[in-house]
Amino acid sequence: MVRNSELESADKVPAQVDVVIVGAGFAGLYAQWRLSKLGLAVQGFEAGSDVGGTWYWNRYPGARCDVESLEYSYSFSPELLQEWEWTEKYATQPEILSYIEHVATRFNLRRRIRFSTQVSSVEYQSAESRWVVRTDRGDEVSARFCIMATGCLSLPRRPDFPGLDSFRGRVFHTGDWPHEGVDFSGRRVGIIGTGSSGIQAIPPIAEQAGQLFVFQRTANYSVPAHNQQLDPSHQRWFKNNSSDLRDRMRRSSVGTLTDRNPVSALAVEPEERERVFEAAWLRGGAGFTRCFSDLLTSAKANEFASEFVRNKIRSIVQDPQVADLLCPRDYPLGAKRICVDTGYYATFNRPNVRLVDVRRAPIIGVVEDGLRTSAQSFELDDLVFATGYDAVTGALLDMSIRRDDGMSLKDKWSTGPETYLGLMTAGFPNLFFITGPGSPSVLSNMVLSIEQHVDWIANCVGFLTSSGKRYIEATQQAEGEWTQHVAAVADKTLFPHAASWFLGANVPGKPRVFLPYAGGVDAYGHKCREVEQSGYPGFQLS
Ligand code: NA7
């Protein structure tokens, strides 16, 4: 089959363009649309063979978004909104990918994207104030502006277990899943990792596999999705009122319609607290962390919510020892990203599923026919890594981004990323990050935050172009103050109390810095608008 990308994509890369956009997921595609509308020459690069980004790579069984479909979609085109029909409350990966493919086709966005092409270096030539972008296929293009739409969860991480190469079975990573799918029927499967990906993949794999071993190092809090077919009248209501609803989302804390209940969990009687938790559990979804105002700021309030979920786990899982092992205890609920599942805890009642505690007895290596912990050997046919990502900064630092005087982004961020508003970093003019570190990004509805960032960047580029300015660059002072503000806001929450990927704690040697901005989509959007409307204070324009 000839894919759309082969029919339409850019085969020849021009020597010079106005803008290079790296990535063709939600962010890269909207940036293509928005920047092209300004009449600028745009060139895109994408490592995958077609559009989709995260949703192109994450094809593991059970992969779904944990933000409701109607909210996790573009708002830039009223026609697109009206014509696309979501089928479920939480869309599956195939449905989200179809949506993104539809957007690419409908707005003819593939023609300026070179697919199956990895950007290897991005170098600033100070004399010309231009970026030279090089790829693994030998392309070289010079651009005035460079937009990094490289995603927050796009560089998969696989622990380097000794002996992995000797394993004779099949090895998979949830973040780089085979396009043709995987048949686990009757096989002995081991899955490492119980974050969102593991928790989504475990139930469907358990249904197929002969035997499934779940290697858990840290138990996670998970809330049921209660996924269902979308009621057509609800979808119609959303479409008819989308303008008001989008405004409400933009004025919320995380960019969704389920905003934070303003009432403290400590201000109500125990019965009322349980009633609210129960209602949030029955409603399902990540909004559970917002069912009281202070679940992510007060350890005491949080402990009530944590214990509520632990009690749910005990009520679902029949074997008390297994239930106990599945109960998270060493960090507050929501301090690692809360998971949203379909039948996760009940899966441990199946006779073919075994939970293995690799906190107590760690994995020490892989052998020809399986995996060894310090306590036992497990014979396996397949090994699935659901071990996460080098998040937020991983994909950016995986490329060589540098200036011609030798300064690299990697060196600059060696003790942690520094940005102004998560959009730009001092010393790297005309280089923009979409949902970069220091912006709400992974703490928010990504599609909404992506649109907000792309709009800001497009307005900025439009302003520079029309006012004859050559470049924009964050000042050291604004960047220093913003970086301190991002840390100070995080320190007022419980987020730093978990060794999470939000903090870079999952990657050995990565600086422990809280990566996203926890101040909320509303306050953040207000700040960005203010900067734009008052002539870009905190940025130097030349
Ligand atoms: P996560 O949330 O980073 O989860 C990774 C899991 O893998 C987590 O349970 C880790 O345990 C486990 N892990 C990682 N390395 C090891 C080793 N060496 N041994 C045992 N277990 C290990 O990644 P996901 O892909 O699930 O989710 C990422 C985001 O994607 C998610 O939050 C959504 O936003 C979508 P640990 O907790 O480190 O003890």
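Each value, and the rule that gives it
Residues numbered from 1 in each chain as written. Predicted model: local features only at pLDDT ≥ 70, side-chain atom pairs only at ≥ 80, totals over all residues. Heavy atoms only, no water. Helix = DSSP H or I, 4+ residues; strand = E, 2+ residues; numbered from the N terminus. Rg over C-alpha atoms; globule rule 2.2 N^0.38 Å. Buried < 20%, exposed > 50% of the residue type's maximum accessible area, 1.4 Å probe, protein only. Contact = heavy atoms within 4.5 Å. Areas by Shrake-Rupley, 256 points an atom, 1.4 Å probe, with all protein chains shown as cover. Lys, Arg positive; Asp, Glu negative; His and termini not counted. Charge placed at Lys NZ, Arg CZ, Asp CG, Glu CD. Near = heavy atom within 4 Å. Polar contact = N/O pair within 3.5 Å; in protein donor to acceptor, adjacent residues only side chain to side chain. Nonpolar A, V, L, I, M, F, W, Y, C, P; charged D, E, K, R; others polar. Axes fitted to C-alpha atoms, helices over the stretch in contact; angles between N-to-C directions. Parallel < 35°, antiparallel > 145°, perpendicular 65-115°, else oblique. Salt bridge = Lys/Arg side-chain N within 4 Å of Asp/Glu carboxyl O. Core = buried A, V, L, I, M, F, W, Y, C linked by side-chain atoms within 4.5 Å. Domains from an automatic or database assignment. Arc of directions from axis to C-beta. Phe/Tyr/Trp six-rings, centres within 6.5 Å; stacked < 30°, edge-to-face > 60°. Buried area = accessible area lost by both parts, 1.4 Å probe. Left-handed = near helix turned anticlockwise from the far one by under 90°. Expected span 1.5 Å × (residues − 1). Pairing = 2+ DSSP bridges.

A. Broad picture of the overall build of the chain. Within the chain one finds 17 helices and 20 strands. Against the 2.2 N^0.38 benchmark of 24 Å for 542 residues, the chain shows a C-alpha radius of gyration of 23 Å, consistent with a compact globule. Overall, the C-alpha framework of the chain stretches about 70 × 55 × 45 Å when taken along its three principal axes. For the chain, the proportion of its 542 residues judged to be buried stands at 58%. Partitioning the intrachain contacts of the chain with sequence separation of at least 6 by distance along the chain shows that 72% fall at a separation of at least 24. With the model as given, the accessible surface of the chain reaches about 21900 Å², and the carbon-plus-sulfur share is 48%. Distance between charge centroids for the chain: 1 Å, based on 57 positive and 63 negative side chains.

B. Seen up close, the site of the ligand. Taken together, 19 residues are adjacent to the ligand, and Thr194, Ser197, Arg217, Thr218 and Lys336 come closest. With respect to the ligand, the side chain of threonine 218 contributes an N or O atom lying 2.4 Å from an oxygen atom. Its free accessible area being 780 Å², the ligand has 86% of it covered by the protein chains. Taken together, the residues of the shell around the ligand sort by class into 7 nonpolar, 8 polar and 4 charged.

C. Quick look at the packing of helix α15 (residues 446-466) against helix α17 (residues 521-533). Two numbers describe how α15 lies on α17: the axes approach to 11 Å, and their chain directions differ by 5°. One way to sum up the angle between α15 and α17 is to call them roughly parallel. Between α15 and α17, the contacting residues are Leu448, Ser449, Gln452, His453, Trp456 and Asn459 on the first element and Val521, Tyr524, Gly525, Cys528, Val531 and Glu532 on the second.

D. Main features of the pattern of salt bridges. Per the counting criterion, the structure on display carries 25 salt bridges. With a shortest N-O distance of 2.7 Å, glutamate 368 and arginine 168 are connected by a salt bridge. Highlighted residues: glutamate 368 in the loop between β13 (363-367) and β14 (370-373) and arginine 168 in the loop between β6 (140-148) and β7 (170-173), separated in sequence by 200 residues. Given the relative accessible area of 44%, glutamate 368 is considered partly exposed. For arginine 168, a relative accessible area of 62% corresponds to the exposed category. In this structure, a network of salt bridges that share partners links the residues Glu303, Glu307, Arg310 and Arg314.

E. Region of interest: the nonpolar core. By size, the foremost hydrophobic cluster in this structure holds 84 residues, and its most contacted members are Phe26, Tyr74, Phe432, Trp456 and Phe539. It is α15 that provides the largest number of residues to this core, a total of 11 residues. Each of two domains, domain 1 (4-51 + 109-155 + 391-541) and domain 2 (164-385), supplies a minimum of three residues to this core. Not counting the four nearest positions on each side in its chain, phenylalanine 26 is found in contact with Trp55, Tyr72, Tyr74, Ile96, Tyr99, Ile100, Val447 and Ile450.

F. Just helix α7 (residues 232-240), in detail. Residues Gln235, Phe238 and Lys239 constitute the buried set of α7. Relative to the axis of α7, the buried residues are bounded by an arc of 95° and lie together on one face. Of the residues in α7, the exposed ones pointing more than 90 degrees away from the buried face are Arg236 and Asn240. Check the buried side of α7 and you find it contacts α4 (78-83) and α8 (242-250).

G. Up close: the packing of aromatic side chains. One pass over the structure, following the stated rule, counts 49 aromatic pairs. Where phenylalanine 76 meets phenylalanine 107, the ring centres are 5.2 Å apart and the plane angle is 55°; that geometry is what we call tilted. Of this pair, phenylalanine 76 sits in the loop between α3 (54-57) and α4 while phenylalanine 107 sits in the loop between α5 (93-106) and β3 (113-114), and the two are 31 residues apart along the sequence. Here tyrosine 420 and phenylalanine 539 contribute two aromatic rings whose centre-to-centre distance is 4.9 Å and whose plane-to-plane angle is 50°, an arrangement assigned as tilted. Residue tyrosine 420 is located in the loop between α14 (409-412) and β18 (431-433), and its partner phenylalanine 539 is located in strand β20 (residues 539-541); the two are separated by 119 residues in the primary sequence.

H. Layout of the domain arrangement of the chain. Assigned domains within the chain: domain 1 (4-51 + 109-155 + 391-541) and domain 2 (164-385). Spacing between the C-alpha centres of domain 1 and domain 2 amounts to 30 Å. Facing 18 residues of domain 1, the contacting portion of domain 2 comprises 21 residues. Interface area for domain 1 against domain 2, summed over the two sides, is near 1500 Å², with a carbon-plus-sulfur share of 62%. Here domain 1 and domain 2 share 0 salt bridges between them.

I. How the structure looks around the packing of helix α2 (residues 26-37) against α15. Two elements in contact, α2 and α15, have axes whose closest approach is 9 Å; the angle formed by their N-to-C orientations is 35°. Considering only the axes of α2 and α15, their crossing is right-handed. Facing Phe26, Ala27, Tyr30, Ala31, Arg34 and Leu35 of α2, the residues of α15 in contact are Val447, Ile450, Glu451, Val454, Asp455, Ala458, Asn459 and Val461. For the contact of α2 with α15, the residue count by class is 10 nonpolar, 1 polar and 3 charged.

J. Main features of unusual backbone geometry. Even without being a glycine, serine 129 presents a positive backbone phi close to 50°. For serine 129, the location among the structural elements is in the loop between β4 (119-125) and β5 (130-135). Overall, the relative accessible area of 6% leaves serine 129 in the buried class.

K. Structural context of α2. In a regular helix each residue adds 1.5 Å, so 12 residues correspond to 16 Å; α2 covers 17 Å between its end C-alpha atoms and thus fits that length. Across the 12 residues that make up α2, a large majority, 10, are buried. Those residues of α2 that sit buried are Phe26, Ala27, Gly28, Leu29, Tyr30, Ala31, Gln32, Trp33, Arg34 and Leu35. Glycine 39 sits one or two positions beyond α2 and adopts a positive phi of about 85°.

L. A look at the sheet that holds strand β8 (residues 188-192). Spatially, 5 strands are ordered β7-β16-β8-β9-β12 in an open sheet, and the strand pairing comes out parallel. Two strands lie at the open edges of the sheet, namely β7 and β12 (353-357), each paired on one side alone. Taken over all neighbouring pairs, the strand axes of this sheet differ in orientation by 20° on average, direction set aside. Here helix α6 (residues 196-208) sits on the sheet and contacts β8, β9 (211-216) and β12; the angle it forms with β8, its principal contact strand, is near 170°.

M. Here's a closer look at the pairing of β9. The buried count for β9 comes to 5 of 6 residues, which makes it a mostly enclosed element. Bridge count between β8 and β9: 5 bridges; the pairing is parallel. If you follow valine 189 over to β9, its bridge partner there is leucine 212. Relative to β12, β9 runs parallel, the two sharing 5 bridges. Residue leucine 212 lies in a different strand from β12, and its bridge partner there is valine 353.

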